[in-house]
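What follows is each chain in one-letter form.
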Amino acid sequence: MSELHKFIFDGLPVRGMLVRLTDSWQEILKRRQGAGGYPVEVMHLLGEMTAAGALMQGNIKFNGALVLQIFGDGPVKLAVAEVQPDLSLRATATVTGVVDAGSTLSQLVNVNNEGRCAITLDPKDKFPGQQAYQGVVPLFGDSREKIENISEVLEHYMLQSEQLDTKLILAADGNIAAGLLIQRLPVKGQGNLEGQMDVDANEDQIGKNEDYQRISLLASTLKREELLSLDADTILHRLFWEEPITRFEVLKPSFACSCSRERVASMLRTLGTDEIESIIAEQGKVSVTCEFCGALEEFDPVDAAQIFTQADRQQPPPQAVQ
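Residues numbered from 1 in each chain as written. Predicted model: local features only at pLDDT ≥ 70, side-chain atom pairs only at ≥ 80, totals over all residues. Heavy atoms only, no water.

What to know about the state of the cysteines
And then number 1: Counting across every chain of the model gives 0 disulfides.
And then number 2: For the unlinked cysteine C290, the closest cysteine sulfur is that of C257, found at 3.6 Å. (Disulfide = S-S within 2.5 Å.)

Rendered as structure tokens:
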């Protein structure tokens, strides 16, 4: 079963999380098999993004979806990992070009330094006029040098958004997507991605806390093969056996897709009757496949007509003219 472990270092301003996505990650890949699956390099990127999304969602107090996106100018036009507050998750990638063996992050999505990483927090219960919070960072460093690890991109993002030192180790293969997050605790405030904290106080501590520096250095010794092959207890003991740790209840991430026939119908409604009638005239029906789970929804001429008939019924009656 997939697991997310939270822990703190007793008496120190440092917290950590370790995620191991097994069945949930395998289900994501299984749903893609009908479309030919992903090239190995894309699978590794998407798995690391999914593990990172679970860690980031587990690290904040937010009643809504966390959506992690990578997009740019390479053969991978878009990669998305979405994690809900209950740690249900889904992920997909759109590949439109040839992925060469051994392609790096920049070769996949940032050929001309046009790639970006976006983190969106979409509240479940929005207030009137409330918009989702989104932060966007480039896939290059301060000197415009290309970054080749998504973990470094996200470390930079969290340093900018939270003013908190963060160490992130990620790895994925065809069986497991895993990650380790070590973060300095905020001096004041919630310390979440919406910026509800004392930014100045936290910024003053960047790079200065010796306890965080020591634990981060220990975390950086974790090899990709160890992260993918060892269980959580073994990893934590191997890295931090000299550090006093308090561990919390293990959480269980799972695969889930929020698509539905009703949502597809709403999307088709936005296209308008002319567009839908044109598709039906050409193909005899409208077929929509979910990019995340592979579910196929089909609408014949009668179904399509009902989409707009039901919409008309839902419209409020016109006001009588006095």
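Details of the pairing of strand β6 (residues 116-123)
And then number 1: Here β6 lies mainly inside the structure; 6 of its 8 residues are buried.
And then number 2: Summarising the sheet, strand β3 (residues 64-71) and β6 pair through 8 bridges and their orientation is antiparallel. Along β6, the bridge assignment pairs L68 with I119.
And then number 3: Relative to strand β7 (residues 133-138), β6 runs antiparallel, the two sharing 6 bridges. Counterpart to I119 in the pairing with β7 is G135. (Buried < 20%, exposed > 50% of the residue type's maximum accessible area, 1.4 Å probe, protein only. Helix = DSSP H or I, 4+ residues; strand = E, 2+ residues; numbered from the N terminus. Pairing = 2+ DSSP bridges.)

A look at the layout of surface pockets
And then number 1: Of the volumes computed, that of the largest pocket is approximately 420 Å³.
And then number 2: Lining the largest pocket we find 23 residues, and of these E48, E148, N149, I150 and L170 sit closest to its centre.
And then number 3: For the lining of the largest pocket, the secondary-structure elements that each account for two or more residues are α2 (40-58), α3 (105-109), α4 (150-162) and β8 (166-172).
And then number 4: Examining the composition of the lining of the largest pocket, we find that 6 residues originate from one element, β8, more than from any other.
And then number 5: Along the lines of polarity and charge, the residues of the lining of the largest pocket split into 10 nonpolar, 5 polar and 8 charged. (1 Å grid on protein atoms, 1.4 Å probe; cavity = no way out; pocket = protein on both sides within 12 Å on 5 of 7 lines; lining within 4 Å. Points joined across faces, edges and corners; volume = space filled by probe spheres on them. Nonpolar A, V, L, I, M, F, W, Y, C, P; charged D, E, K, R; others polar.)

Here's the deal with the sheet that holds strand β5 (residues 88-95)
And then number 1: Spatially, 6 strands are ordered β7-β6-β3-β4-β5-β11 in an open sheet, and the strand pairing comes out mixed. Each edge of the open sheet carries a strand with a single partner, namely β7 and β11 (254-255).

Focus: the packing of α2 against α4
Relative orientation and spacing of two packed helices are given, respectively, by the angle between their axes and the distance between those axes.
And then number 1: Where α2 meets α4, the closest approach of the two axes is 10 Å, and the angle between their N-to-C directions is 30°. Put simply, α2 runs roughly parallel to α4. Relative to α4, α2 is oriented so that their crossing is right-handed. Counting all contacts with α2, which are made through L45, E48, M49, A52 and M56, the residues of α4 involved are I150, L154 and Y157.
And then number 2: Tallied by class, the residues present in the contact of α2 with α4 amount to 7 nonpolar, no polar and 1 charged. (Axes fitted to C-alpha atoms, helices over the stretch in contact; angles between N-to-C directions. Parallel < 35°, antiparallel > 145°, perpendicular 65-115°, else oblique. Left-handed = near helix turned anticlockwise from the far one by under 90°. Contact = heavy atoms within 4.5 Å.)

A few points about the nonpolar core
And then number 1: One finds W25, M49, C117, I119, I150, V153 and L154 to be the most contacted residues of the largest nonpolar core, which totals 58 residues.
And then number 2: The biggest single contributor to this core is α2, with 10 residues.
And then number 3: The contacts of V153, once residues within four sequence positions are left out, are L105, C117, V137, P138, L139 and I147.
And then number 4: In this structure, I176, A219, L222 and L239 belong to the second largest nonpolar core, which totals 22 residues. (Core = buried A, V, L, I, M, F, W, Y, C linked by side-chain atoms within 4.5 Å.)

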